[in-house]
Protein chains: 2
Amino acid sequence: MSADKSAPAKLKARQPRGFVDRGPADVAATERMLSVIRESFSVYGFDPVETPFVEYTDALGKFLPDQDRPNEGVFSFQDDDEQWLSLRYDLTAPLARYVAENFDALPKPYRSYRVGYVFRNEKPGPGRFRQFMQFDADIVGSGTVAGDAEICMLAADTMEKLGIRRGDYVVKVNNRKVLDGVMDAAGIAPAARLTVLRAIDKADKFPLEEVRKLLGEGRKDESGDFTKGAGLSDAQSDRILRYLELGQKLAELGKTNAQDSEGSARLSAAALTDLSGLVEGAENGQAGIAELEQIRELITAAGYLGRIIIDPSIVRGLEYYTGPVYEVELTFPVTNDDGQVVRFGSVAGGGRYDGLVGRFRAEPVPATGFSIGVSRLFSALKAVKSPIVDSRNELPLVVVTAMDNKSPEFMPGYQAMVAGLRQAKDAEGKPLLRADLYLGASGFNAQMKYADRRGATCAIIQGSSEREAGTVVIKDLILGAELAAASRDVKDSAEHKAKQAEAQFAVPVAELVEGVKRVLARHS
Amino acid sequence: MSADKSAPAKLKARQPRGFVDRGPADVAATERMLSVIRESFSVYGFDPVETPFVEYTDALGKFLPDQDRPNEGVFSFQDDDEQWLSLRYDLTAPLARYVAENFDALPKPYRSYRVGYVFRNEKPGPGRFRQFMQFDADIVGSGTVAGDAEICMLAADTMEKLGIRRGDYVVKVNNRKVLDGVMDAAGIAPAARLTVLRAIDKADKFPLEEVRKLLGEGRKDESGDFTKGAGLSDAQSDRILRYLELGQKLAELGKTNAQDSEGSARLSAAALTDLSGLVEGAENGQAGIAELEQIRELITAAGYLGRIIIDPSIVRGLEYYTGPVYEVELTFPVTNDDGQVVRFGSVAGGGRYDGLVGRFRAEPVPATGFSIGVSRLFSALKAVKSPIVDSRNELPLVVVTAMDNKSPEFMPGYQAMVAGLRQAKDAEGKPLLRADLYLGASGFNAQMKYADRRGATCAIIQGSSEREAGTVVIKDLILGAELAAASRDVKDSAEHKAKQAEAQFAVPVAELVEGVKRVLARHS
């Protein structure tokens with residue numbers, strides 16, 4: 001390229017960090033995955049609703065997405081009338097606004113599902129984007145834990161419909177009231193509680209002795225950075241650590257018992273008995289345990305025990321949860337970026353948030369719901385090779401080449417061929433194939449490369465001799481590639497020569513669609 | 001409500017102007033409409049691609065969406081590194097960025113489709129939103145008008161697949177080079193041309209005498225506001241008006257000839273001959289006419305003549321078009337907001353934009369494409385009662401009532417019933433119904449109202465007497481409503497009583513699903 005200084009500077013084509021493009025295989029597979037989730041949620045009586053991407057900041061603002069990361073922000077801008085607008089950062093805050101605004105018109109309890117992108121104005125990193133998709137289901141206006149149980153069952157059914165086998169996932173349930181009860185029973189001051197919850201949340205990453213430091217004076221990490229602790233007394237820390245040990249024991253047992261309903265039933269019952277001891281005297285905690293008992297009975301009656309288990313180690317980061325919290329964990333092993341084999345981990349979570357709609361209304365409005373991280377679930381489906389995300393699940397492509405594309409008078413003939421192919425239907429009247437006419441200016445070899453690059457099953461060719469004869473050549477690109485890869489001995493055989501005749505043959509123009517159908521039938 | 005001043009002020013639940021929520025019927029119907037469009041575009045060999053909602057402002061900025069409305073803006077905000085980001089305002093500018101960034105990796109010509117919301121920071125009004133959906137298809141890297149012809153055929157096929165009958169739509173094609181040629185032949189100065197194009201664009205709204213004022217000194221509207229004109233001489237204006245008269249004559253003929261291919265063929269040929277006279281001496285204009293000739297030959301060969309017509313009155317607002325421009329117009333009558341019967345009008349449009357990708361690259365990259373206004377097309381499908389947007393096209397809903405919802409011990413029984421119903425499949429293994437368990441705290445009458453409000457086909461009821469008998473009552477809400485509406489005479493008849501027994505009957509709990517299937521079969 002010449003460095004001609006008189007030419008205007010070209011813009012650089014680039015994307016802001018944390019935003020990505022998605023190609024055809026991902027878009028099509030995600031679309032299939034979303035339809036399965038839609039159907040699953042719909043069978044549970046949830047109706048779709050869609051809210052816009054932009055809301056008043058004050059309607060979103062009160063609850064930051066995660067108190068664990070107070071610096072993460074939302075994308076905001078001022079309207080003409082100087083009011084602040086923001087891009088939604090989740091699908092829950094807009095739902096609360098929607099329900100409050102349409103309260104009288106909605107059937108209650110109101111079951112809805114929503115899918116779409118949300119935005120976080122935070123530092124992007126590996127697997128951490130500033131635009132990502134969530135798929136949520138919520139029940140608003142129902143205070144019974146039967147609602148929480150329904151959401152957990154919906155989560156379990158949805159995993160199986162997506163091709164994740166029973167035993168490869170588990171839905172874990174806990175209750176914020178139990179956590180509060182443990183902290184009440186330990187006499188922990190309100191000001192220290194958020195720090196305690198954060199420390200509990202670290203128990204799946206750190207050894208318990210490190211968590212003890214976070215509960216006490218504080219902890220210095222390997223780089224020397226110091227994190228101030230919650231300042232608990234030794235007796236207070238002991239109680240929290242007993243709670244965490246119980247949680248870890250149960251999680252360990254859960255791994256081996258997830259497929260064994262009897263075992264899980266014993267496990268859940270034992271967990272609840274052990275918990276009772278830790279919340280003695282705390283009314284809130286006892287109420288939380290009673291709710292977990294009810295959930296256990298509901299999932300037992302509906303046949304979901306073992307797929308849904310009680311796990312006291314579940315905290316969930318969001319501050320607005322007020323009762324049951326739940327998380328969908330995939331238990332099959334994957335290799336992480338550091339080469340370690342780990343469980344795949346969480347792909348969805350949620351809980352009861354009885355205060356969120358109440359911000360807008362005089363009366364309290366109980367609600368519960370969960371959110372699927374769509375990209376993460378998509379990776380999981382790829383990891384288990386679910387047929388839903390198989391990119392081959394598409395119509396075959398036929399490329400009509402334009403041998404004489406320097407002469408515009410031949411294009412109408414090629415155009416008629418591709419138009420005819422696009423009308424081809426299967427027995428049920430559905431399209432049989434995708435058909436593409438080469439519209440570039442390159443020669444025949446480049447056109448065949450184009451057909452290969454696009455993954456075409458066959459190519460259609462008409463040069464001047466075919467045109468004079470009223471015929472067209474159909475080239476089977478899959479069979480052709482097989483034959484080209486054959487050894488020299490095989491290539492001399494009569495069988496090979498017969499196959500070559502199958503791989504490329506001429507038909508009268510009027511029989512083009514029939515000829516193509518023969519080729520497609522070979523590879524279906 | 002008490003006006004307790006100590007209570008914190010409640011937030012008002014409201015939406016920013018120009019943004020709207022969409023309920024279940026609209027979301028589901030739009031989803032069906034989008035799948036039909038996806039399939040239609042896919043059959044033409046277009047691959048999906050998705051770009052993010054946020055781009056660098058400079059990557060979007062050079063081409064404002066519409067030079068006709070220079071004040072309309074984009075939503076923008078600064079990133080942490082002070083670079084400006086914007087919400088995309090269309091799907092074409094992001095495509096240009098995507099193609100430029102991935103140029104070597106893409107097969108060329110590159111056919112892609114994209115669907116999604118775009119954002120305009122402009123004054124909202126009736127039917128004018130700040131967030132709306134577009135569905136685009138583009139061919140990048142092909143300079144031949146065969147690409148423009150393909151897009152027009154794709155547009156026509158898509159309309160028919162969506163349920164818009166042949167004759168109820170027409171794809172109109174013109175060429176910017178012809179417009180330029182007419183202005184060249186008239187000797188119109190470059191500075192006046194944008195004003196001239198805007199005046200031409202008004203020809204479908206104003207009588208030609210008013211357009212003449214816009215071409216000349218200027219025009220005062222009814223309110224007294226003055227719009228400055230293009231300042232053409234009388235001879236120059238005469239030539240533009242002859243051009244417009246030709247356009248209007250053809251459009252008028254087009255209305256009666258759209259279903260008559262022979263008539264349309266004559267019409268198109270006549271239009272091209274008449275145009276030649278108006279661009280005499282202007283090389284550009286002659287080239288544009290030659291391109292329209294080629295398009296006419298291509299659509300004739302592929303069998304689309306009559307559905308696609310040449311119409312010199314098409315301008316298209318966007319400044320970046322460089323060749324053929326096209327518009328999909330729905331020709332059936334609708335009543336507008338003022339009570340007048342008018343044609344439905346444009347639902348999609350596009351054209352060739354050979355400069356857009358070239359902004360990023362050293363070499364020129366020709367491209368052509370079109371954009372469907374999804375909301376407007378959705379209204380059109382409702383107007384023609386297309387089955388694709390019929391909201392009844394959904395699975396029937398069964399509501400399990402919770403008669404003893406004050407006592408949590410009965411909930412597991414109801415939960416088991418709804419879980420069983422959700423497993424019901426049809427012969428092909430697809431879900432047979434949607435099932436909902438009432439999770440509110442209200443009594444039985446409110447629960448039956450809830451079932452009605454949700455449009456349930458039947459309700460499931462189990463009180464204490466049924467529980468003791470091991471049965472459950474199935475209530476057919478559709479048949480029940482019919483019987484309730486019957487006259488008193490009919491109600492005394494034996495036939496009516498027999499039907500009442502069908503409308504509400506008890507079955508053993510184990511036969512619940514079979515009983516519900518009987519009710520659904522009545523109404524399928």
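From a predicted model like this one, the values you see are computed outputs, not experimental measurements.

1. Structural notes on the overall build of chain A
Working step 1: Of regular secondary structure, chain A possesses 18 helices and 18 strands.
Working step 2: A compact globule built from 524 residues should have a C-alpha radius of gyration of about 24 Å, whereas chain A, at 30 Å, is more than 25% larger.
Working step 3: By principal-axis analysis of the C-alpha atoms, chain A measures approximately 95 × 65 × 55 Å.
Working step 4: Put simply, chain A has 524 residues, and 54% of those count as buried.
Working step 5: Partitioning the contacts of chain A with sequence separation of at least 6, the portion at a separation of at least 24 is 69%.

2. Focus: the interface of chain A and chain B
Working step 1: Taken together, the contact between chain A and chain B spans 101 residues of the former and 100 residues of the latter.
Working step 2: Buried surface at the junction of chain A and chain B, both sides included, amounts to about 8700 Å², of which 57% is carbon and sulfur.
Working step 3: Taken together, chain A and chain B are joined by 18 salt bridges.
Working step 4: Here D21(A) and R97(B) are joined by a salt bridge, their closest N and O atoms 2.8 Å apart.

3. Side note on the pairing of strand β14 (residues 397-400) of chain A
Residues and elements named next belong to chain A.
Working step 1: Where burial is concerned, the two faces of β14 agree: the one with L397 and V399 and the one with V398 and V400 are both buried.
Working step 2: Sheet topology note: the β14/strand β15 (residues 434-437) ladder contains four bridges and is parallel. Bridge pairing in β15 links V398 to A435.
Working step 3: The pairing of β14 with strand β16 (residues 458-461) spans three bridges and is classified as parallel.

4. Things to note about the pairing of strand β5 (residues 110-119) of chain A
Consecutive side chains of a regular strand alternate in pointing toward one face of the sheet and then the other.
All names here are of chain A.
Working step 1: In terms of burial, β5 is largely enclosed, as nine of its ten residues are buried.
Working step 2: Bridge count between strand β1 (residues 47-48) and β5: two bridges; the pairing is parallel. The residue bridging D47 from the neighbouring strand is S112, located in β5.
Working step 3: By the bridge criterion, ten bridges tie β5 to strand β6 (residues 131-140) in an arrangement that is antiparallel. Opposite Y110, over in β6, you have V140 as the bridge partner.

5. Quick word on the sheet that holds strand β18 (residues 504-508) of chain B
Residues and elements named next belong to chain B.
Working step 1: If you trace the five strands from one edge of the open sheet to the other, you get β15-β14-β16-β17-β18, paired in mixed fashion. Looking at strand neighbours, the two that pair on one side only are β15 (434-437) and β18, the edges of this open sheet. On average, each strand axis in the sheet is inclined to that of its neighbour by 25°, with strand direction left out of account.
Working step 2: In terms of strand pairing, strand β17 (residues 471-476) meets β18 through five bridges, oriented antiparallel. Across the sheet, K475 pairs through a bridge with Q504, a residue of β18.
Working step 3: Across the sheet, helix α15 (residues 477-484) is in contact with β16 (458-461) and β17; its angle to β17 comes to roughly 60°.

6. Focus on the sheet that holds strand β13 (residues 367-373) of chain B
Residues and elements named next belong to chain B.
Working step 1: Here eight strands make up an open sheet; going across it, the order is β1-β5-β6-β13-β12-β11-β7-β10 and the pairing mixed. Bordering the open sheet on either side are β1 (47-48) and β10 (308-310), each of which pairs with just one other strand.
Working step 2: The sheet contact formed by strand β11 (residues 324-335) and strand β12 (residues 341-352) spans nine bridges and is antiparallel. Residue pairing across strands places P333 opposite R343, the latter belonging to β12.
Working step 3: Most of the contacts of helix α1 (residues 24-43) go to strand β6 (residues 131-140), to which it runs at about 10°, and overall it touches β5 (110-119), β6 and β13.

7. Looking at helix α5 (residues 176-185) of chain A
Working step 1: Within α5(A) the residues assigned to the buried category are R176(A), V178(A), L179(A), G181(A), V182(A) and M183(A).
Working step 2: Downstream of α5(A) by one or two residues, G187(A) has phi in the positive range, about 70°.

8. Some points on the relation of the copies chain A and chain B
Working step 1: It takes a turn of 180° to lay chain A on chain B, together with a shift of 0.0 Å along the axis; the resulting RMSD is 0.1 Å. Between the two chains, the operation in question is that of a two-fold axis. No C-alpha of chain A approaches the rotation axis more nearly than that of F77(A), which lies at 3.0 Å.
Working step 2: By residue overlap, the copies meet face to face through one surface: 99% of the interface positions of chain A are interface positions in chain B.

9. Notes on the packing of helix α4 (residues 145-161) of chain A against helix α10 (residues 283-301) of chain A
All names here are of chain A.
Working step 1: Relative to each other, α4 and α10 sit at 50°, their axes nearing to 9 Å. Considered as vectors, α4 and α10 are oriented oblique to each other. Crossing hand, α4 versus α10: right-handed. Residues V145, A146, D148, A149 and M153 of α4 form the contact with α10, whose participating residues are E291, Q294, I295, L298 and I299.
Working step 2: The class makeup of the residues in the contact of α4 with α10 is seven nonpolar, one polar and two charged.

10. Section: the packing of aromatic side chains
Working step 1: Inspection of every chain in the model, using the stated rule, returns 30 aromatic pairs over all chains.
Working step 2: With 6.1 Å between their ring centres and 40° between their planes, F19(A) and F75(A) make a pair best called tilted. On the criterion of sequence distance, the pair formed by F19(A) in the segment before α1 (24-43) and F75(A) in the loop between α2 (57-61) and β3 (76-78) is long-range, its members being 56 residues apart.
Working step 3: The exposure class assigned to F75(A) is buried, which follows from its relative accessible area of 2%.
Working step 4: Between the aromatic rings of F77(A) and F75(B), the centroid separation amounts to 5.2 Å while the plane-to-plane angle is 40°, which identifies the pairing as tilted. Placement of the pair is F77(A) in strand β3 and F75(B) in the loop between α2 (57-61) and β3 (76-78), with the two residues belonging to separate chains.
Working step 5: The exposure class of F77(A) is buried, given its relative accessible area of 5%.
Working step 6: A network of ring pairs unites the aromatic residues F19(A), F75(A), F77(A), F19(B), F75(B) and F77(B) as a single cluster.

11. A closer look at helix α11 (residues 374-383) of chain A
Residues and elements named next belong to chain A.
Working step 1: Here α11 has its buried residues at V374, L377, F378, A380 and L381. For α11, the arc enclosing every buried residue in end-on projection is 160°, short of the 170-degree limit, so these residues lie on one face.
Working step 2: Looking at the buried residues of α11, the elements they touch are α1, β6, α4, β11 (324-335), β12 (341-352) and β13 (367-373).
Working step 3: Looking one or two places after α11, you find K385, whose phi comes out positive at around 55°.

12. Some points on the side chain of T51(B)
Working step 1: In this fold, T51(B) is placed in the loop between β1 and β2 (54-56).
Working step 2: Other than its neighbours up to four places away in sequence, T51(B) contacts D21(A), R88(B), P94(B), R97(B) and Y98(B).

13. What about the environment of E319(A)?
Residue and element names in this part refer to chain A.
Working step 1: Mapping E319 onto the fold places it in the loop between β10 (308-310) and β11.
Working step 2: Residue E319 is classed as partly exposed on the basis of its relative accessible area of 45%.
Working step 3: Considered as a pair, E319 and L197 are 122 residues apart in the sequence and their alpha carbons are 9.8 Å apart.

The rules behind each value
- Residues numbered from 1 in each chain as written.
- Chains lettered and ligands numbered in written order.
- Predicted model: local features only at pLDDT ≥ 70, side-chain atom pairs only at ≥ 80, totals over all residues.
- Heavy atoms only, no water.
- Helix = DSSP H or I, 4+ residues; strand = E, 2+ residues; numbered from the N terminus.
- Rg over C-alpha atoms; globule rule 2.2 N^0.38 Å.
- Buried < 20%, exposed > 50% of the residue type's maximum accessible area, 1.4 Å probe, protein only.
- Contact = heavy atoms within 4.5 Å.
- Buried area = accessible area lost by both parts, 1.4 Å probe.
- Salt bridge = Lys/Arg side-chain N within 4 Å of Asp/Glu carboxyl O.
- Pairing = 2+ DSSP bridges.
- Axes fitted to C-alpha atoms, helices over the stretch in contact; angles between N-to-C directions.
- Least-squares fit on C-alpha atoms with pLDDT ≥ 70 in both.
- Parallel < 35°, antiparallel > 145°, perpendicular 65-115°, else oblique.
- Left-handed = near helix turned anticlockwise from the far one by under 90°.
- Nonpolar A, V, L, I, M, F, W, Y, C, P; charged D, E, K, R; others polar.
- Phe/Tyr/Trp six-rings, centres within 6.5 Å; stacked < 30°, edge-to-face > 60°.
- Arc of directions from axis to C-beta.

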